[in-house]
Amino acid sequence: IYPMDQLKAKAAQLLSTKPSAADPALLAQWWASWNALADMAPAAVPDASGSSDDVGAQEELERSSNPHWKGWWNAAGPPPPPVSSEAPKNVPKKHKIVVWGGGAFGTAMATCAARNGHDVVMYVRDEAQAASINTQNINSKYLSNFTLLPNISASTNLAEANSGASLFMHCLPCQLTPKWLAANRDVIPADVCICSTAKGLYLETKQLLGDAMLAALERPQPLAFLSGPSFAAEIMKGDPTAVVVAAEKLYYATAVQKFLSCECMRLYVTQDVVGVQLGGALKNPLAIGAGMIEGLGLGINTMSAFVARSCNELHQLCVAMGGAKNTISGLSGVGDLMLTAFGNLSRNRTCGMRLVKGEKLEDILATTTVEGVPTARVAIYYADQCGLDLPIFRCAAAVINGEMTPLEARSALMTRPLGKE
C-alpha cells in the first residue's frame, strides 16, 4: 500500500504524460498504466475533501471494488474509457514478473511486462538505484531519461523479489551468470522459468550459457532464451521491435511470448534453443569486426561484403553445432547481426571502432561489457572442434586478442585463395 503523498505524486506524473487520441496504441498503454496505479492502493486514496482518515468499512469496500471510484481519483484524472459489455479478448491475467538486473535491457524488459499490466519487480544491488525506481519511477543509472510505469518497483532483497514470481527475466552479463546462479540458487524456485537475455558463450567452460546455467543450479530448471535485434532505448521509446524466444518445451516460450508481447514488441517462439543461443552470441565478435571497418573509414562496399560473408560463416558454425539454418536466417542470427553491425548503440561495434583508433582492450572493458570479446575465443574453439575454416571469425578474434592489427586482418582476408561462393 502506497502512502498518500507517493500515490498522488505518481498519479500527477502519469497525468502529465497522457498521449493524445491520435495515437490509440500509446493511449491504450497509458490507460493500462492508469488502471494499474488505481489498483495499487485504493484504500489509500482520499475522497474529494482530501482526507483519508477514519474511512468506513463500507466506503473502503466501495472504493476497492471500483478502480475509478468517486472523490479525489475521479477529480484528479480524466473519466474512464467507455466500458464495453462485451468480454475483453486476449487480456492477459496479471502476473508477477521478476527482472534480475537493473541495466538498460533489464529496464526495457521490465517495461514490456509492465505495459501488459503485470506487476514487475526489478532486482538490483544498488540501494540508491532501487530508491529512485520506487520513489521517482526513474532508473537513475540507466535510461534515466525515461519515466517508468507505476507497476514497476525495485528490490535489493533477492529472496523477497523472487517470492510469488511467474517468470524470471535474466538480464545479467553472461560471464557473471553461472557463479551468480550458484550463489543464489536456494532463493530461486526450481519450477519457475528463467528467460535469459544474455547473448554470449561462457568462456570458463566453453559452454552454451544455458548449459552453464543448469550446471550452476545443479538441478533441472525450465529455461528460455530471448534474442533478436533489440536496442533497449528503442524498446523504451515504443519503436516496433521483433525478437524470438526459444525453449525446449514450447509452452515455456509461449508463456514468455504472452507476458511480453504488446503492440510495440512482437515475440516469435521456437524450440531451437541451440540456434537462438548461438545466433545471439556469435554475431557479437562479428559486430566488433564491423566496428573495425567503420573505424578504418572504409565504405559501404566493404561493409556489405563483410556482413554478407559473416552471415555465411554464422550459418556454417551454428548448423555444425546443432542449430537450425532457418533460425540463423531469422531474428536471432542475421537480424541481430544487422543491428549490431550497423547500429550506433552497439557496444560490440563501438569496441571495434575504439580498437582501430588505438585504445587498449583492457581500457575499453573497464567501463563497459562487450560480450563479443570472450565469445570470440569460444567461437574459435567451436570452429576448431567442427573443422571449419571461418576466416572472418579467426581474423576478428586475432585482432581482439592482439595477435594481428586491423590492417593485417584486412590484407589476410583479401589475399586468401580465390574460390566460389
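Analysis parameters
Residues numbered from 1 in each chain as written. Predicted model: local features only at pLDDT ≥ 70, side-chain atom pairs only at ≥ 80, totals over all residues. Heavy atoms only, no water. Axes fitted to C-alpha atoms, helices over the stretch in contact; angles between N-to-C directions. Helix = DSSP H or I, 4+ residues; strand = E, 2+ residues; numbered from the N terminus. Parallel < 35°, antiparallel > 145°, perpendicular 65-115°, else oblique. Contact = heavy atoms within 4.5 Å. Nonpolar A, V, L, I, M, F, W, Y, C, P; charged D, E, K, R; others polar. Pairing = 2+ DSSP bridges. Core = buried A, V, L, I, M, F, W, Y, C linked by side-chain atoms within 4.5 Å. Buried < 20%, exposed > 50% of the residue type's maximum accessible area, 1.4 Å probe, protein only. Phe/Tyr/Trp six-rings, centres within 6.5 Å; stacked < 30°, edge-to-face > 60°. Lys NZ or Arg CZ within 6 Å of the ring centre and 35° of its normal. Salt bridge = Lys/Arg side-chain N within 4 Å of Asp/Glu carboxyl O. pLDDT = per-residue confidence, 0-100.

Across the interface, helix H12 (residues 273-295) lies against helix H19 (residues 391-400) with an axial gap of 9 Å and an inter-helix angle of 70°. Compared by their axis directions, H12 and H19 come out roughly perpendicular. On H19, the residues touching Leu-282, Pro-285, Leu-286, Ile-288 and Met-292 of H12 are Ile-392, Phe-393, Ala-396, Val-399 and Ile-400. Here the contact of H12 with H19 is built from residues that sort into ten nonpolar, no polar and no charged.

The subject of this paragraph is the sheet that holds strand E1 (residues 96-100). With mixed pairing, the eight strands of this open sheet are ordered in space as E3-E2-E1-E4-E5-E8-E9-E10. One side of each edge strand has no neighbouring strand; the edge strands of this open sheet are strand E3 (152-155) and strand E10 (265-270). Averaged over all adjacent pairs, the angle separating strand axes in this sheet is 25°, with direction ignored. By the bridge criterion, five bridges tie E1 to strand E2 (residues 119-123) in an arrangement that is parallel. Among the inter-strand pairings, Ile-97 is bridged to a residue of E2, identified as Val-120. Most of the contacts of H12 go to strand E8 (residues 223-227), to which it runs at about 40°, and overall it touches E8, strand E9 (241-246) and E10.

Attention shifts here to the nonpolar core. The biggest cluster of nonpolar side chains holds 42 residues, and the ones touching the most others in it are Leu-201, Leu-282, Leu-317 and Phe-393. Going through the elements one at a time, H12, helix H13 (300-320), helix H15 (331-342), helix H16 (347-356), helix H17 (361-365), helix H18 (372-386) and H19 are the ones with two or more residues in this core. Ranked by residues supplied to this core, first place goes to H12 with eight residues. For Leu-317, the residues in contact, after removing those within four places along its chain, are Leu-282, Ala-379, Tyr-382, Ala-383, Leu-388, Leu-390 and Phe-393. By size, the runner-up hydrophobic cluster in this structure holds 41 residues, among which are Ile-97, Ile-133, Ala-154 and Val-256.

Glancing now at the packing of aromatic side chains. By the definition in use, this model includes five aromatic pairs. Aromatic pair Trp-100 and Trp-180: ring centres 5.0 Å apart, planes at 55°, arrangement tilted. Of the two residues, Trp-100 is situated in strand E1 and Trp-180 in helix H8 (residues 177-184); the sequence distance between them amounts to 80 residues. We note that Trp-100, like Trp-180, is buried. Ring centres of Tyr-123 and Trp-180 lie 6.3 Å apart, and the angle between their planes is 45°; on these two criteria the pair is classed as tilted. You can see Tyr-123 sitting in strand E2 and its partner Trp-180 sitting in helix H8, a full 57 residues away along the chain. Considered together, Tyr-123 and Trp-180 belong to a single accessibility category, that of buried residues. Cluster of aromatic residues (ring-pair linked, three or more members): Trp-100, Tyr-123, Phe-168 and Trp-180. Here the basic side chain of Lys-206 rests over the ring of Tyr-381, its NZ or CZ set 5.4 Å away from the ring centre.

The tally for this structure, following the rule as stated, stands at eleven salt bridges. For the salt bridge of Lys-94 with Asp-119, the shortest nitrogen-to-oxygen distance reads 3.9 Å. A residue pair is termed long-range when its members are at least 10 positions apart, and Lys-94 in the loop between helix H4 (72-76) and E1 and Asp-119 in strand E2 qualify at 25 residues. A relative accessible area of 40% means that Lys-94 is categorised as partly exposed. Accessibility expressed as a relative area gives 34% for Asp-119, which makes it partly exposed. One salt-bridge network, held together by shared partners, links Lys-199, Lys-283 and Asp-336.

Time to look at the confidence of the model for the protein chain. For the protein chain, the average pLDDT comes to 85, and 79% of its residues sit at 70 or higher. Confidence drops under pLDDT 50 across residues 41-74; counting only partners more than four residues distant or on other chains, this segment forms 51 contacts. Under a pLDDT of 50 for its full length, residues 79-91 has, in the predicted model, four contacts with residues more than four places off or in other chains.

A few words now on unusual backbone geometry. Phi is positive for Asn-137, close to 55°, though the residue is something other than glycine. A positive phi angle, near 50°, is found at Leu-143, a position not held by glycine. Relative to the helices and strands, Leu-143 is located in the loop between helix H6 (127-136) and E3.

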